[in-house]
Amino acid sequence: MLGLEYFSFEDLWSPMLFFFMAAVGIGYFYLIGPWRERHYPHEPRVRFRQKLYFIGALLFLFLAQGGPLLLLGHLTFTFHMVNMALSYLIVPSMILLGIPAFLWKHWFSKPFWKPFRGLMHPMLTLILFNILFSLYHIPLVHDYLMINYSLQRVYYVVMLIAALMMWWQIVAPVKEWGRLTDVKKMGYIFANGMLLTPACALIIFASEPLYASYSDPELWALAMGYCVSGDPAALLAQFEGPAFFNFMPIVEDQQLGGIVMKLVQEIMYGIILAYVFKQWFKREHTGDDDMQGAEPAGAN
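The rules behind the values
Residues numbered from 1 in each chain as written. Predicted model: local features only at pLDDT ≥ 70, side-chain atom pairs only at ≥ 80, totals over all residues. Heavy atoms only, no water. Helix = DSSP H or I, 4+ residues; strand = E, 2+ residues; numbered from the N terminus. Buried < 20%, exposed > 50% of the residue type's maximum accessible area, 1.4 Å probe, protein only. Contact = heavy atoms within 4.5 Å. Areas by Shrake-Rupley, 256 points an atom, 1.4 Å probe, with all protein chains shown as cover. Lys, Arg positive; Asp, Glu negative; His and termini not counted. Charge placed at Lys NZ, Arg CZ, Asp CG, Glu CD. Axes fitted to C-alpha atoms, helices over the stretch in contact; angles between N-to-C directions. Parallel < 35°, antiparallel > 145°, perpendicular 65-115°, else oblique. Nonpolar A, V, L, I, M, F, W, Y, C, P; charged D, E, K, R; others polar. Patch = residues over 30% accessible without salt bridge, like charges linked within 9 Å, V, L, I, M, F, W, Y side chains within 5 Å. Salt bridge = Lys/Arg side-chain N within 4 Å of Asp/Glu carboxyl O. Polar contact = N/O pair within 3.5 Å; in protein donor to acceptor, adjacent residues only side chain to side chain. 1 Å grid on protein atoms, 1.4 Å probe; cavity = no way out; pocket = protein on both sides within 12 Å on 5 of 7 lines; lining within 4 Å. Points joined across faces, edges and corners; volume = space filled by probe spheres on them. Expected span 1.5 Å × (residues − 1). Bend = angle between axes of the 7 residues up to and from the residue.

Draft legend 1. Structural context of the overall build of the protein chain. Looking only at helices and strands, the protein chain has 13 helices and zero strands in total. Its helices and strands taken in sequence order, the protein chain reads α-α-α-α-α-α-α-α-α-α-α-α-α from the N to the C terminus. Once the C-alpha set of the protein chain is aligned to its principal axes, its extents read approximately 90 × 45 × 40 Å. Buried residues in the protein chain amount to 46% of all 300 residues. Considering only residue pairs separated by 6 or more positions, the protein chain has 77% of its internal contacts joining residues 24 or more positions apart. As presented, the protein chain carries roughly 16,100 Å² of accessible surface, and 70% of it is formed by carbon and sulfur atoms. Averaging the positions of the 19 positive and the 21 negative side-chain charges in the protein chain gives two centres separated by 19 Å.

Right under this line is the structure:
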């Protein structure tokens, strides 16, 4: 299916990353269970929904960066953009929602972090994430990183950290550390959508292939070395290039990838925007109701 039958179990499921993700999951349940009871006994138990967010984030991140979706993302550009959307638009918010506030306070209340607090300025996190994401999809940068595996891994980690910093401003997992009001959050979400648009537009409206790693067989074979064991050159002898796996012309695959990215971004930001607006509306009207309820008492 989709060409996955030609690859080994290790190529499809990245056992080392699976064990790492499993260890992170075990560590999470230890921290919110026995460790919380010993060090923060007065903190309430972590809600089931939060646990679901965190485990879901680990699952999505594994599928995008180590599971079948990683391999598919090297076969077609559309799946590459699915991975980008999962890794940097969906997973970060789920991680932030899944980790309880007392853990964030425990980790980041240390004096060590004080000199770095300026890095969490909302404007800086907004620009940093969108620059890193847009820069990655400049064709020369993208193709270079696709064949330089160590640098690509570092870039992915840095981009994930930048995404967490950006989403922190919106999700605000520690309420008293939040820097944005609800109205400013809505503007922040809108600005994110605007800043991501040029990169998506470049891809959607391109009339020729932009990325050699999806059109040049030799470069594609080198890029496949990121997720396939053995000699990548053997792939050329067996499949003659990425066209073997693609169910559409290269340009159409590229355009569909840009559309997928923009669509997921709009849906995700739209959901968050609606939630923030609902919370703001509820608080505003609750305040009005309280004032109206207090007027008769004041009149007496």
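We are not done yet, so read on.
Draft legend 2. How the structure looks around the environment of Ile267. Among the structural elements, Ile267 can be located in helix 13 (residues 250-299). C-alpha separation for the pair Ile267 and Tyr136, spaced 131 residues apart in sequence, amounts to 22 Å.

Draft legend 3. Structural view of the packing of helix 4 (residues 68-75) against helix 5 (residues 77-98). Here helix 4 crosses helix 5 at 135 degrees, and the two axes come no closer than 6 Å. Taken together, the axes of helix 4 and helix 5 lie oblique to each other. Counting all contacts with helix 4, which are made through Leu69, Leu70, Leu72 and Gly73, the residues of helix 5 involved are Phe79, His80, Asn83 and Leu86. In terms of residue class, the contact of helix 4 with helix 5 is made up of five nonpolar, three polar and no charged.

Draft legend 4. Layout of a nonpolar patch on the surface. A grouping of Met123, Ile127, Ile131, Leu135, Ile138 and Leu140 is seen on the molecular surface, where their side chains present a nonpolar patch of about 570 Å² in accessible area. Per element, the largest residue contribution to the nonpolar patch is four residues, and it comes from helix 7 (residues 122-136). Residue placement: Leu135 occurs in helix 7. Accessibility expressed as a relative area gives 35% for Leu135, which makes it partly exposed.

Draft legend 5. Broad picture of unusual backbone geometry. In the Ramachandran plot, Ser14 falls in the positive-phi region, its phi being about 40 degrees despite a non-glycine side chain. In this structure, Ala172 takes a positive phi of about 50 degrees despite not being glycine. Using a relative accessible area of 3% as the deciding quantity, one classes Ala172 as buried.

Draft legend 6. Summary view of the side chain of Gln50. As for its placement among the helices and strands, Gln50 is situated in helix 3 (residues 48-65). On the basis of relative accessibility, which here comes to 12%, the residue Gln50 falls in the buried class. Of note is the side chain of Gln50, whose polar atom sits 3.4 Å from the backbone oxygen of Leu97. Leave out the neighbours within four places in its chain, and Gln50 touches Tyr28, Leu97, Gly98, Ile99 and Pro100.

Draft legend 7. Representation of the layout of surface pockets in the model. When its volume is computed, the largest pocket comes out at roughly 1,600 Å³. As for the largest pocket, its lining consists of 46 residues, and the residues nearest its centre are Ile95, Val157, Leu160, Ile161 and Leu164. Listed by contribution, the elements that provide at least two residues to the lining of the largest pocket are helix 2 (15-39), helix 3, helix 5, helix 6 (101-108) and helix 9 (149-171). Residues of the lining of the largest pocket, tallied by class, amount to 35 nonpolar, seven polar and four charged. Taken together, 34 residues make up the lining of the second largest pocket; nearest its centre are Arg47, Leu97, Val171, Lys175 and Tyr275. Elements with a contribution of two residues or more to the lining of the second largest pocket: helix 3, helix 5, helix 6, helix 9, helix 10 (182-204) and helix 13. The element contributing the most residues to the lining of the second largest pocket is helix 13, with seven residues. Looking at side-chain class alone, the lining of the second largest pocket contains 21 nonpolar, four polar and nine charged residues.

Draft legend 8. Geometry of helix 10. Given a rise of 1.5 Å per residue, 23 residues ought to cover 33 Å, and the 32 Å separating the end C-alpha atoms of helix 10 matches this to within 8%. At Thr197, helix 10 shows its strongest bend, of approximately 35 degrees, with the proline Pro198 following within four residues.

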